[in-house]
Amino acid sequence: MRRMMENRLLRSFCALGLGMALLLAGGAGFAPVSAERVVEPAAQPAIDLPLANLPEQAEAECDAESRRIDPDRPMIALTFDDGPGPGTRRILRALEAVDGRATFCMVGDRVRDYAQTARMVASQGSEIATHTLSHPNLAKLSAGEVRAELEESIAAIEQVTGVRPGVLRPPYGSTSETVQQICREMGVVIANWNVDTEDWRVRDADAILNHVLDNARDGAIVLCHDLYPETAAAMERAVEALAERGYQLVSVSELLEARAGGGSAGKIYYAA
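Residues numbered from 1 in each chain as written. Predicted model: local features only at pLDDT ≥ 70, side-chain atom pairs only at ≥ 80, totals over all residues. Heavy atoms only, no water.

**Comments concerning the overall build of the protein**
Right, so step 1: Counting secondary structure elements, the protein contains ten helices and nine strands.
Right, so step 2: For the protein, with 272 residues in total, the buried portion stands at 50%.
Right, so step 3: If you take every contact in the protein between residues at least 6 apart in sequence, the share linking residues at least 24 apart comes to 79%.
Right, so step 4: Accessible surface, the protein as shown: approximately 11900 Å² in total, 51% of it carbon and sulfur. (Helix = DSSP H or I, 4+ residues; strand = E, 2+ residues; numbered from the N terminus. Buried < 20%, exposed > 50% of the residue type's maximum accessible area, 1.4 Å probe, protein only. Contact = heavy atoms within 4.5 Å. Areas by Shrake-Rupley, 256 points an atom, 1.4 Å probe, with all protein chains shown as cover.)

Right, dumping it as structure tokens:
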């Protein structure tokens, strides 16, 4: 009983700390993404502190003992590409309200500019995947270039967050035998998707929300982007609605652990 009470107190403390940090965060400018979804260099956002001034990261596993995934219940993995960005914190708040998790596929070149936000993703317990260093089409690169994109992006994320990504979301979903082989060698799973909100194109919260709810399926991997306020607004409603429908909001790795034995390095997953 004493151990249970200590766990509850620790989880409450972690949630309170995250909630206070999120509430203190405001909006900020961000680098736009073109119709081809090529990420532009991001200016230093006002909401994120310089890396040297960041407080110590809370333990990402602070509530791990109380979180259980039931493989027999429906689950869905929301994923967010091209960030971190201004919408990330709003999405984290929505997830936290239902004890949900997601996978944030971060571009290495953006992570230092949004260092505090990236660390909040880890502290909340959501997953950080690599979305490469500079968002190229990996299928068009040499083996050396592919390896450099992955190694440098993983190093950048790990330096800022303390988390070493084990999942790759390839830009544009574009892969090749070379990409798969390098991922096998690096122990990295490749996660694409089977539900595409096209939020980068439609930029309409209601349309994004309806697309997610209309296409929600057990084991689905949903593609979104955390750069846009319309996506954040849609997720604030979608996360609650999915939870009410009985879905567990899980990360890609949690989904693969429950349904695919943890996944295989170098293999491409669209759902599970």
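**Brief notes about the pairing of strand β3 (residues 127-130)**
Right, so step 1: Burial along β3 is two-sided: Glu127 and Ala129 and Ile128 and Thr130, pointing in opposite directions, are all buried.
Right, so step 2: Sheet topology places strand β2 (residues 103-106) next to β3; four bridges connect them, and they run parallel. Within β3, the position partnered with Met106 by the bridge is Thr130. (Pairing = 2+ DSSP bridges.)

**A word on the nonpolar core**
Right, so step 1: By size, the foremost hydrophobic cluster in this structure holds 38 residues, and its most contacted members are Ile76, Leu78, Phe80, Phe104, Met106, Met235 and Leu242.
Right, so step 2: Sorting the residues of this core by element identifies β1 (75-83), α2 (88-97), β2, α4 (115-124), α5 (143-161), α8 (205-215), β7 (221-225) and α9 (229-244) as the ones contributing at least two each.
Right, so step 3: Looking at this core element by element, the count peaks at seven residues for α9.
Right, so step 4: Once residues lying within four places of it in the same chain are set aside, the contact partners of Met235 are Leu78, Phe80, Ile91, Ala94, Ile208, Val212 and Cys224.
Right, so step 5: Core analysis: the next-biggest nonpolar cluster, separate from the first, contains 15 residues, Ala77, Trp193, Leu223 and Tyr269 among them. (Core = buried A, V, L, I, M, F, W, Y, C linked by side-chain atoms within 4.5 Å.)

**Quick notes on the pattern of salt bridges**
Any two side chains of opposite charge can pair, so long as their charged atoms come close to each other.
Right, so step 1: Counted by the stated rule, this structure contains ten salt bridges.
Right, so step 2: For the salt bridge of Arg90 with Glu236, the shortest nitrogen-to-oxygen distance reads 3.0 Å. Here Arg90, found in helix α2, pairs with Glu236, found in helix α9; they are 146 residues apart in sequence, far enough to count as distant. (Salt bridge = Lys/Arg side-chain N within 4 Å of Asp/Glu carboxyl O.)

**Focus: the confidence of the model for the protein**
Right, so step 1: Residues at a pLDDT of 70 or more form 76% of the protein, whose mean pLDDT is 84.
Right, so step 2: Within the model, pLDDT remains below 50 along residues 1-16, and this stretch shows eight contacts once partners closer than five positions in the same chain are excluded.
Right, so step 3: Here residues 18-44 scores under 50 on pLDDT; set against residues more than four positions off or in separate chains, the count is 61 contacts. (pLDDT = per-residue confidence, 0-100.)

**Some thoughts on α4**
Right, so step 1: Across the ten residues of α4, ten count as buried, placing the element largely inside the fold.
Right, so step 2: Residues of α4 that are buried: Ala115, Gln116, Thr117, Ala118, Arg119, Met120, Val121, Ala122, Ser123 and Gln124.
Right, so step 3: One or two residues past the end of α4 sits Gly125, with phi positive at roughly 100°.

**Describing the packing of aromatic side chains**
Right, so step 1: Applying the stated criterion to the full structure yields one aromatic pair.
Right, so step 2: Residues Phe80 and Phe104 carry aromatic rings whose centres are separated by 5.1 Å and whose planes lie at 20° to one another, so their mutual orientation is stacked. Here Phe80, found in strand β1, pairs with Phe104, found in strand β2; they are 24 residues apart in sequence, far enough to count as distant. With respect to burial, Phe80 and Phe104 carry one shared label: buried. (Phe/Tyr/Trp six-rings, centres within 6.5 Å; stacked < 30°, edge-to-face > 60°.)

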